[in-house]
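One letter stands for each residue in the lines below.
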Amino acid sequence: MQFNRKNYPDEELLDLYKNLLLPRMIEEKMLVLLRQGKISKWFSGIGQEAISVGVTMALQADEWIMPLHRNLGVFTARKMPLSKLFKQWQGSKDGYSKGRERSFHFGNKEHHICGMISHLGPQMAIADGVALAHKLSNSEKVSVAFTGDGGTSEGDFHEALNVAAVWDLPVIFVIENNGYGLSTPVSEQYRCFSLADRAKGYGMEGIQIDGNNILEVYDTIKRLRKYCIENQKPYLIECMTFRMRGHEEASGIKYVPVQLLGLWQQKDPIKNYEDYLLKEGIITEQGITDIRKAFKEYIETELQAGYNSAPMVPDTKEELKDLFASLNHTQIFLHPSQAKASPEKRFIDGIKEGLYQSMEKHPNLVLMGQDIAEYGGAFKITEGFAEAFGKERVRNTPICESAIVGAALGLSMEGYKAMMEMQFADFATVGFNQIINNLAKIHYRWGQNADVVIRMPTGGGVGAGPFHSQSNEAWFVHTPGLKVVYPSTPMDAKGLLIAAINDPNPVLFFEHKALYRSINGPVPETYYEIEIGKARLVQPGDDITIITYGAGVHWAIQYAKDHPGLSMYILDLRTLLPLDYDAIEAAVKATGKVLLLHEDTLTGGIGGEIAAWIAEHCFEYLDAPILRCGSLDSPIPFNIELENNFMAHSRLDECVEKLMNY
Ligand SMILES: Cc1ncc(C[n+]2csc(CCOP(=O)(O)OP(=O)(O)O)c2C)c(N)n1
């Protein structure tokens, strides 16, 4: 192995050596502890340390790294104390994730390390978001995301690189090509000659280097870092290495040809570097022995400290509290008297106004979405925004929902607020993983908040067929860590959107498209919030209660108008997660006859959840079975007659009659 020290002084070369050796020695110890059953799982990075260490040492300490499961060297080079790492691996309360995450699936703000989710690829787009924050604030920094050769086959790899290239983001993507993805050799993973060649396809520079040569990794990353910052461009680097042990320790390595292991054994990053330092007289045999001895003692001492964890005592309150970051601002609520004298506006105007005032209020708020800049978005909600706030903050995106949700999270990690417009709520499916697994879980897992709002133009009644009309709110209601908001009036739309943007947690904001231009109402011109998690009494009544939201509110109001003899209590939920159980209870008590109405399909819709809660908590107030009126359990059809038949409102009359006659 050829080493080129360039002008690096001896101390720097020695420092690299120490940083390279430590994770190897820790791992060797961990493999023993694993066999003794003291830790449960281990993903070995033995033989690949030069990449983790070389990359980390080439960066500034406050530059974010998105490592994966084989990157112990990142954590040690960032000087995380081993005692705490060890507690993390044991699942202790005082580890980095309070026992909630396994192995390397955790991050830490102080060390600027973003914890991975198992899905590998999503890490890369988070680096885009961090790099965007650096770009917007003119910080001379890069972010770095790791991927394996296997991970490069994921769509997330493509989306992240494409966004970084299109937006000229200073981000370095590091591929650790270690020959296998679990048991799959690279010959069954991709067909291109080298993964670095893919860079050209995205319009960025790429390079392949020897990932086992610490000096080559270190020096190249230093150079790329400079390039990315100076040119404000991304870079793809493929580091060639080999996985010397099984995918994880229990899975073995039978499928790897022995001669290949022998070949790579010769290229061991530590042995080769050690030999080089000895040859150059930078270190002596005694020096190596001394360093190893000191590390051994450090490891033993830290492990002893690591064993000293109190036994885990689950605290349900804390488990639920830690789902969310606390609100960190003074909320300005609307006084009822303000509402009356307000000008009438359309539903869409309420949303637009809320968003506009939020942009004025928060200079760190960035909007992202397809066609939202000059074009103003598919529904023209951001029309004029690019002119008012600039295209840096009102960003057209390529069609890559997953990467944009990831980028929104990355922005949040650097203290920005992000709002992403899904062009249609239906397309959340292609950003689903990032929403469900990254945004929703990150605060619970390791305390990083996701200050992200995703606007979801939703719903049918517009003859747009199965992929532009779905009601998919229930998917998100089932995901702890998200807030799900669904207004029905212009005033609520404005106040709830402002509240969602002020909230430091991920909020899915559903906007019914059919209401955009058909519903009018008073919208106060001031900047105000409507509290998330609070339902609204639309009208009191004595005969039956309808609990609903979104378009359902207007169906119920119309029904009440058409049936003046019927006294209907109508509750607009406004927020679906968390639900306002006090308001639901009051609504049940008011009439004793409850109908849950929603446009979402019946089975698995939120009506079922509320019905169960009412049955459990309000049984004695009921005078009839709880009824649900939802849409047909089929995809939403295109033809207007079919769509009408599909919609819950076509069975509303029947349901009310049934309830009244019970
Ligand atoms: C989306 C997804 N599919 C499958 C897996 C299961 N899995 C975990 S690691 C892995 C192999 C990853 O290979 P590579 O990206 O080359 O990284 P390496 O483990 O070699 O470092 C697989 C298939 C996963 N974690 N996520």
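Residues numbered from 1 in each chain as written. Predicted model: local features only at pLDDT ≥ 70, side-chain atom pairs only at ≥ 80, totals over all residues. Heavy atoms only, no water.

Engineer: Sorry, what's going on with the side chain of Glu63 here?
Structural biologist: Relative to the helices and strands, Glu63 resides in the loop between α2 (49–58) and β1 (65–66). At 2.8 Å, the side chain of Glu63 forms a polar contact with the backbone nitrogen of Gln60. In terms of polar contacts, Glu63 uses its side chain to reach the side chain of Arg225, at 2.9 Å. Excluding anything up to four places from it in sequence, Glu63 contacts Arg78, His112, Glu140, Lys141, Val142, Arg225 and Ile229. (Helix = DSSP H or I, 4+ residues; strand = E, 2+ residues; numbered from the N terminus. Polar contact = N/O pair within 3.5 Å; in protein donor to acceptor, adjacent residues only side chain to side chain. Contact = heavy atoms within 4.5 Å.)

Engineer: I would appreciate a short explanation of the sheet that holds strand β13 (residues 483–485) in the present structure.
Structural biologist: Consider a sheet: its strands pair through backbone hydrogen bonds, and that pairing is either parallel or antiparallel. Strand order in the open sheet formed by 7 strands is β10-β9-β11-β12-β14-β13-β19, with mixed pairing between adjacent strands. Every other strand in the sheet has two partners, leaving β10 (394–396) and β19 (575–577) as the edge strands with one partner each. Going across the sheet, the axis of each strand differs from the next one's by a mean of 20°, ignoring polarity. For strand β12 (residues 452–458) and strand β14 (residues 507–512), the ladder comprises 6 bridges, and the chain directions are parallel. Bridge pairing in β14 places Pro457 opposite Glu511. Together, β9 (365–369), β10, β11 (417–421), β12 and β14 form the strand contacts of helix α14 (residues 347–361), whose direction differs from that of β9 by roughly 135°. Relative to the sheet, helix α20 (residues 490–502) contacts β9, β11, β12, β13, β14 and β19, its axis offset from that of β14 by approximately 160°. (Pairing = 2+ DSSP bridges. Axes fitted to C-alpha atoms, helices over the stretch in contact; angles between N-to-C directions.)

Engineer: Quick question: what am I supposed to make of helix α23 (residues 581–591) here?
Structural biologist: For the α-helix, the turn length of 3.6 residues means that residues three or four positions removed from each other point alike. Three or more residues of α23 are buried, namely Ala583, Ile584, Ala587, Val588 and Thr591. Projected down its long axis, α23 carries its buried residues within an arc of 140°, all on one side. Tucked into the core, α23 has its buried residues touching β17 (544–548), β18 (568–572), β20 (594–601) and α24 (606–617). Backbone geometry just downstream of α23 places Gly592 in the positive-phi region, at approximately 75°. (Buried < 20%, exposed > 50% of the residue type's maximum accessible area, 1.4 Å probe, protein only. Arc of directions from axis to C-beta.)

Engineer: In this structure, what is going on with the environment of Phe467? I would like to understand it.
Structural biologist: Within the secondary structure, Phe467 sits in the loop between β12 and α19 (473–477). Distance from Phe467 to Pro311, taken between C-alpha atoms, is 50 Å for residues 156 residues apart in sequence.

Engineer: So what exactly am I meant to see when it comes to the site of the ligand here?
Structural biologist: Around the ligand sit 15 residues, and of these Arg70, Ser118, Gly150, Gly151 and Tyr180 come closest. Within the side chain of His69, one N or O atom sits 2.8 Å away from an oxygen atom of the ligand. For the ligand, a nitrogen atom lies 2.8 Å from a polar atom in the backbone of Ser118. Here the ligand loses 69% of its free accessible area of 580 Å² to cover by the protein chains. (Near = heavy atom within 4 Å. Areas by Shrake-Rupley, 256 points an atom, 1.4 Å probe, with all protein chains shown as cover.)

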